[in-house]
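# Coordinate inspection notes
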Amino acid sequence: MHGALWPAAYRERLRLRAPAVLKVSLANAYPRCYATRRISANGFYFGPFPSRRAADAFASGFLDLFKIRRCQIKIRRDPTFPGCLYSEMKMCLAPCFAGCTKEDYDVEVSRVVAFLATSGSSLTAEYERETRGCQRSARF
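The rules behind these values
Residues numbered from 1 in each chain as written. Predicted model: local features only at pLDDT ≥ 70, side-chain atom pairs only at ≥ 80, totals over all residues. Heavy atoms only, no water. Core = buried A, V, L, I, M, F, W, Y, C linked by side-chain atoms within 4.5 Å. Buried < 20%, exposed > 50% of the residue type's maximum accessible area, 1.4 Å probe, protein only. Helix = DSSP H or I, 4+ residues; strand = E, 2+ residues; numbered from the N terminus. Contact = heavy atoms within 4.5 Å. Polar contact = N/O pair within 3.5 Å; in protein donor to acceptor, adjacent residues only side chain to side chain. Expected span 1.5 Å × (residues − 1). Arc of directions from axis to C-beta.

The next subject is the nonpolar core. Residues Leu22, Val24, Cys33, Phe62, Ile68, Val112 and Leu116 are the most contacted members of the largest nonpolar core, which totals 25 residues. Mapped by element, the contributors of at least two residues to this core are strand 1 (20-24), strand 2 (33-36), strand 3 (44-49), helix 3 (52-62) and helix 5 (102-117). The dominant element in this core, judged by the number of residues it contributes, is helix 5, at six residues. If we skip the residues at most four places from it in the chain, Ile68 touches Pro31, Arg32, Cys33, Leu63, Met91, Cys92, Tyr105, Glu108, Val109 and Val112.

Shown next as structure tokens:
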């Protein structure tokens, strides 16, 4: 009934907002992970979070484990481009100035999606395999 009285402002009047989620925009050639309240068909979503600030804080923390881009610049893959701040800090594979191949970047994005889809257990399993490999090589 309320939608009939105020169809354009119903959600706003009730202070109903879409929940904040993290989106990995898989339709983009070089995806990034960011907080949003809009859900469309072409992406991987993780959440919901109580607020956009909480989603941003979570993304900031877990993206330190991966090297996908955080910048919003248009990717040109130009070797003469100096790169963004994140590439200078070695927090990104730097697709903006062809610092990596498309395949390398896709592997890193798949690691991010697996991390979110498994609530972190994919990364735990990856580290356990690496640790076991280091322990075996140390014995010989």
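Our focus in this paragraph is the side chain of Thr36. Relative to the helices and strands, Thr36 resides in strand 2. A polar contact is formed between the side chain of Thr36 and the backbone nitrogen of Arg38, at a distance of 3.1 Å. The residues touching Thr36, leaving out its near neighbours within four places in the chain, are Pro19, Ala20, Val21, Lys23, Tyr45 and Arg52.

With that settled, consider helix 5. Residues separated by three or four positions in an α-helix point in the same direction, a consequence of the helix having 3.6 residues per turn. A rise of 1.5 Å per residue sets the reference length of helix 5, with its 16 residues, at 22 Å; its end C-alpha atoms lie 22 Å apart and thus fit the reference within 8%. Among the residues of helix 5, those classed as buried are Tyr105, Glu108, Val109, Val112, Val113, Phe115 and Leu116. The arc that holds the buried residues of helix 5, viewed along the axis, is 160°, so those residues lie on one side. Residues of helix 5 that are exposed and angled more than 90 degrees away from the buried face: Glu103 and Ala117. Where helix 5 terminates, the next one or two residues include Ser119, which has phi positive at roughly 55°.

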